[in-house]
Amino acid sequence: LPAVSRKDYIKDQQGDATMSFNYIYKNNEANFGKPLRKQIKGGMHITIEIILKKGNKFIALRRDSIPGHEAPHKKRKCLFFCHDLIRYGEDIEDAVKRIVKRQAGVSVEDCKVVYIDSSVQSKDDQWAITPHVIAELKAIPKTGFSGNKIYEVVLFNKKDVPKDFAWWPRKDLREFLEEFA
């Protein structure tokens, strides 16, 4: 599709910029304005799940929660990948690099979107669109502080997936890695 340019906008009766065409959804198709400052019940967000990898090993970080997110309902010190919201207008690769640097303290060499999930969360009726990305890292993260405390860095492969991930059931993660990694 062609990019939308300034000439595609016109002023409405109140003087606000609006599109020169006016799409009206008929079947709940997505059509949004700029981001809101606060999360709202029934809203939506785009968040990226970033599966870390170095060579033939996957990497998980043991911490209390994903930085800036609620702690899981389980025990503390679970395993996590990097995960966060994309910023308005941000390129996915730039978002992945920013998130990994902030949450794992390392740089990304390469990344690839392997799956995109779309679901409505029961806890707040938020529509979550989640690209799943495999990010090849330039170095293995270290314990210490990167967004919050990293207690342990766990390396594993598809066959020996750890069981204490906060959000991924072991079987689901193993199947995901077999199919997409």
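These numbers come from a predicted model, not from an experiment.

1. With respect to the environment of asparagine 157
- Structurally, asparagine 157 can be placed in the loop between strand 11 (152-156) and helix 2 (170-180).
- In this structure, the C-alpha to C-alpha distance between asparagine 157 and asparagine 56, residues 101 residues apart in sequence, is 7.1 Å.
- Ignoring sequence-local partners within four residues, the contact set of asparagine 157 consists of Asn56, Lys57 and Phe58.
- In terms of polar contacts, asparagine 157 uses its side chain to reach the backbone amide nitrogen of lysine 159, at 2.9 Å.

2. Topic: the side chain of lysine 53
- Turning to its location among the elements, lysine 53 is positioned in strand 3 (residues 44-54).
- Nearest to the buried, unbridged lysine 53 among oppositely charged side chains is glutamate 136, at 4.9 Å.
- Sequence-distant contacts of lysine 53, defined by excluding residues within four places in its chain, comprise Phe58, Ile59, Ile134, Ala135, Glu136 and Leu137.

3. Let's talk about helix 1 (residues 92-104)
- Compared with an ideal rise of 1.5 Å per residue, which puts 13 residues at 18 Å, helix 1 spans 17 Å between its outermost C-alpha atoms and is within 8% of the ideal.
- The set of residues buried in helix 1 consists of Ala95, Val96, Arg98, Ile99, Val100, Gln103 and Ala104.
- Among the structural elements, strand 3, strand 4 (57-63), strand 6 (82-85), strand 7 (108-120), strand 8 (127-137) and strand 10 (149-150) are those in contact with the buried residues of helix 1.
- Among the residues of helix 1, the N-terminal cap falls to aspartate 91, whose side-chain oxygen and the backbone nitrogen of glutamate 93 are separated by 2.9 Å.
- Of the residues trailing helix 1, glycine 105 is marked for its positive phi of about 75 degrees.

4. Describing helix 2
- Buried within helix 2 we find Leu173, Phe176 and Leu177. Buried residues of helix 2 fall within an arc of 95 degrees about the axis and therefore sit on the same side. Residues of helix 2 that are exposed and point more than 90 degrees away from the buried face comprise Lys171 and Glu179.
- Residues of helix 2 that are buried sit in contact with strand 3, strand 4, strand 7, strand 8 and strand 11.

So, how was this worked out
- Residues numbered from 1 in each chain as written.
- Predicted model: local features only at pLDDT ≥ 70, side-chain atom pairs only at ≥ 80, totals over all residues.
- Heavy atoms only, no water.
- Helix = DSSP H or I, 4+ residues; strand = E, 2+ residues; numbered from the N terminus.
- Contact = heavy atoms within 4.5 Å.
- Polar contact = N/O pair within 3.5 Å; in protein donor to acceptor, adjacent residues only side chain to side chain.
- Buried < 20%, exposed > 50% of the residue type's maximum accessible area, 1.4 Å probe, protein only.
- Lys, Arg positive; Asp, Glu negative; His and termini not counted.
- Salt bridge = Lys/Arg side-chain N within 4 Å of Asp/Glu carboxyl O.
- Expected span 1.5 Å × (residues − 1).
- Arc of directions from axis to C-beta.

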